[in-house]
Amino acid sequence: MPQVAVNGVEIYYEVAGDGDPLVLVHGSWGDHYNWLPVMKDLTRDHRVLVYDRRGHSRSERPPGQGSRREDEDDLAALIEILGFAPAFVAGNSFGGSTALGLAGRRPELFRGIVAHEPPLMGIVADDPESGPLMAATGRRMASVVARLRAGEPLAGARQFVEEVAFGPGEWERMPDRARETFRVNAPTFADEQGDPQWADLDLARLSGYRGPALLTLGSESPTWFAAIVGRLSGVLPHSSTHIFEGAGHLPHVTHPADYARQVRALVARGRRAS
């Protein structure tokens, strides 16, 4: 299994394809396998790097409280060590937050960014319409974390799937492998929630990123994601938005052809810009 030591942690990764460098960053609970539905399409004309973020699946889970800043530093190290700099980076959910956070700090590592529904609730905490909805989501997430910290990873994972992410009955519809991945990575979700900065982003710093950015939403996702995307689009000078019709929080899984098409379009924009 290919692994590389970055920032004192062993990270599992895979590289496939040839062409423009593209890094895919998964969200909470998941791993590199989440990107399988789009890999065949994207590796036709991209050199694609996928990896398990620290604390997920085949990567090392270090002790102690972690932070999203560590995930950002891991992403930077992988881009540089594996020869991807500067890269196009596509992140889903927490992976999108990670990519955007790093872009504000290290814009020279990026040729373009795709971020789908980063859960950056902190940047719209003052939004009167989204506030009550996010507060309700926050209470459900806190209940999930309490269950995880009580030593109930399977029950907590099921609660997250059905009450926060996808809806009633969706846990039973998930493949066995996906349910097991959720169970294995449950402690890292609890750790992510323990980082006081997990939902925040330095927007002033992010405004210094001048490359192309694509911010995406699913039409079936909670409406408060639109407020986050709106705030980000107002900060990023060369951003555009796209809504995946009929999709939710995982368009690369449920609508892989449309997702890959949007990534390729962003790459084409980056080529023209450079």
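Our subject is the structure listed above.
Predicted model only: the values in this text are computed from it and were never measured.

Parameters at a glance
Residues numbered from 1 in each chain as written. Predicted model: local features only at pLDDT ≥ 70, side-chain atom pairs only at ≥ 80, totals over all residues. Heavy atoms only, no water. Core = buried A, V, L, I, M, F, W, Y, C linked by side-chain atoms within 4.5 Å. Buried < 20%, exposed > 50% of the residue type's maximum accessible area, 1.4 Å probe, protein only. Contact = heavy atoms within 4.5 Å. Salt bridge = Lys/Arg side-chain N within 4 Å of Asp/Glu carboxyl O. Helix = DSSP H or I, 4+ residues; strand = E, 2+ residues; numbered from the N terminus. Expected span 1.5 Å × (residues − 1). Pairing = 2+ DSSP bridges. Right-handed = clockwise from strand over helix to strand, strands pointing away. 1 Å grid on protein atoms, 1.4 Å probe; cavity = no way out; pocket = protein on both sides within 12 Å on 5 of 7 lines; lining within 4 Å. Points joined across faces, edges and corners; volume = space filled by probe spheres on them. Nonpolar A, V, L, I, M, F, W, Y, C, P; charged D, E, K, R; others polar. Polar contact = N/O pair within 3.5 Å; in protein donor to acceptor, adjacent residues only side chain to side chain.

Draft legend 1. Expanded view of the nonpolar core. By size, the foremost hydrophobic cluster in this structure holds 64 residues, and its most contacted members are V23, W29, V89, L100 and L232. When sequence neighbours within four positions are dropped, the list of residues in contact with W29 reads H56, V144, L148, G156, A157, F160, T181, F182, N185, A186 and F189. Formed by 19 residues, the second largest nonpolar core is a distinct cluster that contains W35, F88, L214 and A247.

Draft legend 2. Representation of the pattern of salt bridges within the structure. Overall, the coordinates contain 22 salt bridges when judged by the stated rule. One salt bridge connects D73 with R105, and the closest N-O pair in it is separated by 2.7 Å. Of this pair, D73 sits in helix α2 (residues 68–81) while R105 sits in helix α3 (residues 94–105), and the two are 32 residues apart along the sequence. Its relative accessible area of 27% is what places D73 among the partly exposed residues. When the shortest N-O distance is used, the salt bridge between R106 and E108 registers 2.4 Å. Given the relative accessible area of 47%, E108 is considered partly exposed. Among the ionic contacts, a cluster of salt bridges with common partners joins R68, R69, E72, D73 and R105.

Draft legend 3. Main features of α2. In this model α2 runs 20 Å from its N-terminal to its C-terminal C-alpha over 14 residues, within 8% of the 20 Å that 1.5 Å per residue would give. When we look at burial in α2, the residues that qualify are R68, D71, E72, D74, L75, A76, A77, L78 and I79. In this structure, the buried residues of α2 make contact with β1 (3–6), β2 (9–16), β3 (20–25), β4 (46–51), β5 (87–92) and α3. One or two positions beyond α2, positive phi appears at G83, with a value near 75 degrees.

Draft legend 4. Structural detail: the side chain of S59. Relative to the assigned elements, S59 resides in the loop between β4 and α2. The buried category is assigned to S59, whose relative accessible area is 8%. The residues contacting S59, other than those within four sequence positions of it, are E10, I11, Y12, D52, R53 and R54.

Draft legend 5. Seen up close, the pairing of strand β7 (residues 213–218). When you tally the buried positions in β7, you get 6 out of 6 residues, the bulk of the element. Alternating residues of β7 divide into A213, L215 and L217 and L214, T216 and G218, and every residue in both groups is buried. Note that strand β6 (residues 110–116) and β7 share 4 bridges and pair parallel. Counted as the bridge partner of A115 is L215 from β7. The pairing of β7 with strand β8 (residues 239–244) spans 6 bridges and is parallel. What sits directly across from A213, in β8, is S239. With helix α9 (residues 224–235) bridging β7 and its parallel neighbour β8, the resulting β-α-β unit is right-handed.

Draft legend 6. Spotlight on the layout of surface pockets. As a volume, the largest pocket reaches approximately 1,100 Å³. Along the walls of the largest pocket sit 50 residues, with A165, F166, F182, H249 and L250 positioned nearest its centre. Among the secondary structure elements, those contributing two or more residues to the lining of the largest pocket are α1 (36–42), α4 (130–149), α5 (153–165), α6 (170–173), α7 (176–193), α9 and α10 (251–254). Top contributing element to the lining of the largest pocket by residue count: α7, with 7 residues. Taken together, the residues of the lining of the largest pocket sort by class into 26 nonpolar, 16 polar and 8 charged.

Draft legend 7. Geometry of the side chain of N185. Relative to the helices and strands, N185 resides in helix α7. Judged by its relative accessible area of 0%, N185 is buried. At a separation of 3.1 Å, a polar atom in the side chain of N185 contacts the main-chain carbonyl oxygen of G30. Excluding residues within four positions of it along the chain, N185 makes contact with W29, G30, G55, H56, S57 and R61.

Remember that the coordinates give geometry; whether it matters functionally is a separate question.
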